[in-house]
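This is what each chain is made of:
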Amino acid sequence: MLLQVQDLSINYASSAGRVHAVDNLSLSVGEGEIIAVVGESGSGKSSVGLAIPGLITASIATISGSIWFKGEEISRLPSHDLRKFRGKEISMIFQNARAALNPVRTVGDQLLETLQTRDKDLSASRARARALELFELVGISDPITRLGAYPHQLSGGMCQRVMIALAVSLDPSLLIADEPTSALDVTVKVQILQLLKRLTAQIGTSIIIITHDLNVARALADRVAVMYAGQIVELGPAVDVLKTPKMPYTQALFQSLPRLGGERGEQLAAIPGQPPNLTAPPQGCRFADRCPHAANICQSAPELFGITDSRKARCFFPHDSLLRAQTSFNQPEEPKAAIS
Amino acid sequence: MGSNIFAYSIRRIVAGVPVVLIVVFLTFALTYLTPGDAAVYLAGDDATPEQVQEVRSSLGLDRPFLEQFLTWLVGLFSGNLGNSLVLPQTVGEALLIRAEPTIMLALFAQVIAVALAVPLGVLAGKFYGGRFDRAVNVFAVAGIAVPPFVVGIGLILLLSVVLALFPATGYVRLEDGLLGSLGSLVMPAIALGLAQAAFIVRITRSTMKEVFSSDFILAATMRGFSEKRIVLKHVVRAGIGPTISAIGVSFATLINGAIVVEIVFNIPGLGRLLTSAVESRDVPILQGLLLVITVAYVLLNILTDVVQAAVNPKVSF
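Counting from 1, residues in each chain are numbered in the order their sequence is written. Written order determines the labels here, with chains lettered from A and ligands numbered from 1. Local features in this predicted model are restricted to residues of pLDDT 70 or higher, and side-chain atom pairs are both shown and tallied only at a pLDDT of 80 or more, whereas totals for entire chains, interfaces and linings draw on every residue. Side-chain descriptors were evaluated using all non-hydrogen atoms of the structure, hydrogens and water having been removed beforehand.

1. Some details on the overall build of chain A
Definition in use: In this text, helices come from DSSP runs of H or I with a minimum length of four residues, and strands from runs of E with a minimum of two, each type numbered from the N-terminal end. Radius of gyration here uses only the C-alpha atoms, and the compact-globule reference equals 2.2 Å multiplied by the residue count raised to the power 0.38. In this charge count, Lys and Arg are treated as positive and Asp and Glu as negative; neither His nor the chain ends contribute. Taken as the charge location is NZ of Lys, CZ of Arg, CG of Asp or CD of Glu.
Each helix and strand counted, chain A has 11 helices and 12 strands in total. Its C-alpha atoms give chain A a radius of gyration of 21 Å, near enough to 20 Å, the size a compact globule of 340 residues would have. The principal-axis extents of the C-alpha atoms in chain A amount to approximately 65 × 50 × 40 Å. Taken as two groups, the 33 positive and 32 negative side-chain charges of chain A have centres that lie 3 Å from each other.

What follows is the structure in structure tokens.
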């Protein structure tokens, strides 16, 4: 295993009390594997991404559990030692690439800085050659000119390509991509996803892709972990989870997706209710209040039960049939008059 | 880009000329409208109204307002600022001899202010909300609330009267040695610099706090850079813009502060010249001073914008 996260819990201090953002989360990532962590806002998925390279400090949150990377427990390392892992072993792609680039320095300057500070023996000319190679790798046309551009002179998609070039510049073994395509329009989004997929094949990097978008997970991931209210509620191979979701929350997520070829003005099936308040999470199943299948037993906390060798779901009644979910979630409603 | 900056500066300087003329005209009008004039002052308390009138017409102060202003303006364009009504000097001579202490004081104070405020502001931004930050905040509030003359008097008591380290008042001119000159300015420069620093540190602290919590600093951290590199090459470089503006703006308050501080420390600079010229209604001196101050202010503003453009690639000309 490349990465192993064990019993990770993250509590943020807030004025309303401790927020239990992530609760006893365990997850592993194999060499060259792409795993998607899917969930809505506030499900704790971004906290997991930030906690792995040690970016959540003790001053803002209490963290417990352990994180193992290539057999070393990196969660115990002091920040000075952790620094050596960052960039070289684990790197990160951010949602808003333009905001993640220094606005007063050219993108080439930032890339060269990354290459040269991490490899003192790299000559200026070889660093430049490597930078051009990286820009070509991520599909930036006219790389020589683009090296001298400032972030505000580049489009959003171009900034994301630069970000990816920066992230893979030191050949990391693991890439954490937090909503890498959310800020981009659809055509650029597809290009970026294809790029990420090509990169894993080419340089063998593993990817944890954090997203709220099931289609991104479908397009990219080998495995999917669905998060809800700080817990993984379903885990398994992407094809299986996305085709036959077992946990009612995952099913509900699918129901709330707009369908291609659906009626104009058709109501999307929103999940009723709100996610639980994480300052005082429910004792039992965290989805029970919103679940159409909830029974008395759901008042006690379900584990992440194994369903098959590779699949797990945090549910006492892992449902097979999407049809059944459909009847309960898709309460037929008269289509409202088209708005536009 | 270099020639761009040059053309831009020229354009800004040309645009500054009307500003200077308007300010000069307004001050001329104000001194004309306020009751009393230099004739009253020069003729003395015992003078009869006839004697005052005589002095007045000999100085040309009884001529119409516009005529007086135009005469002055014509003189200005031929490089002649006129004669002081009170001092035995031309305005140009008086300004020149008084400018040195003030420029030295202003630069010294500003160096102290920047050297103090920028590092404190950056660190306060880094440890925002922490104990260090709160201490800096107390300093910033105190520095703005306590006027420089109070600090000045405190420094005189401590460093001159009790410790006898520096002379309490007076100024050593540059031609008598740089060190002596700086030594005579240590206390006034600290008194003035602390107030300047308090203003600059507040701006620096809040922008640096924003930069420290920005995505690109998180991204830089994620690239494994050292703390030092992140602070110097990323945070400070990205967040220095507002600090540069603050330094520029603070030069304007420096002029106000210098007037008071020069009185406390008995420094024969432009500030002292200004107060005495107001007392004696020495209009040509006042006009000359206001002209110099306005021109300095306009030039500093242009300089600030040019430096700003040099550090921020988003600013174009």
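What follows continues from the structure just given.
2. Structural notes on the interface of chain A and chain B
Inclusion rule: The contact criterion used is simple: two residues touch if any of their non-hydrogen atoms lie within 4.5 Å. Note on definitions: salt bridges are taken to be side-chain nitrogens of Lys or Arg within 4 Å of carboxyl oxygens of Asp or Glu. Residues adjacent in sequence count toward polar contacts only when both atoms are side-chain atoms; beyond that, a polar contact is any pair of N or O atoms within 3.5 Å, and within protein one must be able to donate a hydrogen and the other to accept it.
With 28 residues of chain A at the contact, the number on the chain B side is 20 residues. Joining chain A to chain B, the criterion identifies 1 salt bridge. Viewed at the interface, chain B and chain A are joined by 8 residue pairs in polar contact (both at pLDDT 80 or more). If you list the elements that add at least two residues to the side of chain A that touches chain B, you get β6 (90–93), α3 (107–118) and α6 (156–168) of chain A. Of all the elements, α3 of chain A adds the most residues to the side of chain A that touches chain B, at 6 residues.

3. Observations concerning the nonpolar core
It is characteristic of soluble globular proteins that their nonpolar side chains tend to be buried jointly. Residues and elements named next belong to chain A. Just so we agree on the cut-off: As used here, the term nonpolar core means buried Ala, Val, Leu, Ile, Met, Phe, Trp, Tyr and Cys residues forming a set that is joined through side-chain atoms within 4.5 Å. Buried residues are those whose accessible area, probed at 1.4 Å on protein chains only, stays under 20% of the maximum for their type, while exposed residues exceed 50% and partly exposed ones sit between those limits.
Formed by 105 residues in total, the largest nonpolar core has its most connected members in Ile 52, Leu 174, Ile 208, Ile 209 and Val 224. At 9 residues, α6 tops the list of elements feeding residues into this core. The residues contacting Ile 52, other than those within four sequence positions of it, are Leu 3, Val 5, Ile 67, Ile 74, Ile 90, Leu 174, Ile 176 and Ile 208.

4. Focus on the pattern of salt bridges
Taken as a whole and assessed by the stated rule, the structure comprises 17 salt bridges over all chains. One salt bridge connects Asp 305 of chain B with Arg 12 of chain B, and the closest N-O pair in it is separated by 2.5 Å. Taken together, the residues Asp 305 of chain B in helix α12 (residues 283–311) and Arg 12 of chain B in helix α1 (residues 2–33) connect sequence positions 293 residues apart. According to the relative accessible area criterion, Asp 305 of chain B is partly exposed, its value standing at 27%. By relative accessible area, Arg 12 of chain B is classed as partly exposed at 25%. One salt-bridge network, held together by shared partners, links Arg 105, Asp 109 and Glu 113 of chain A together with Arg 229 of chain B.

5. Re unusual backbone geometry
Peptide bonds are mostly trans, and most non-glycine residues show a negative phi. Residues and elements named next belong to chain A. For Lys 70, which is not glycine, the phi torsion reads 50 degrees and is therefore positive. By the element assignment, Lys 70 lies in the loop between β4 (61–69) and β5 (72–73). Judged by relative accessible area, Lys 70 falls into the partly exposed class, the value being 46%.

None of this, on its own, says anything about what the molecule does.
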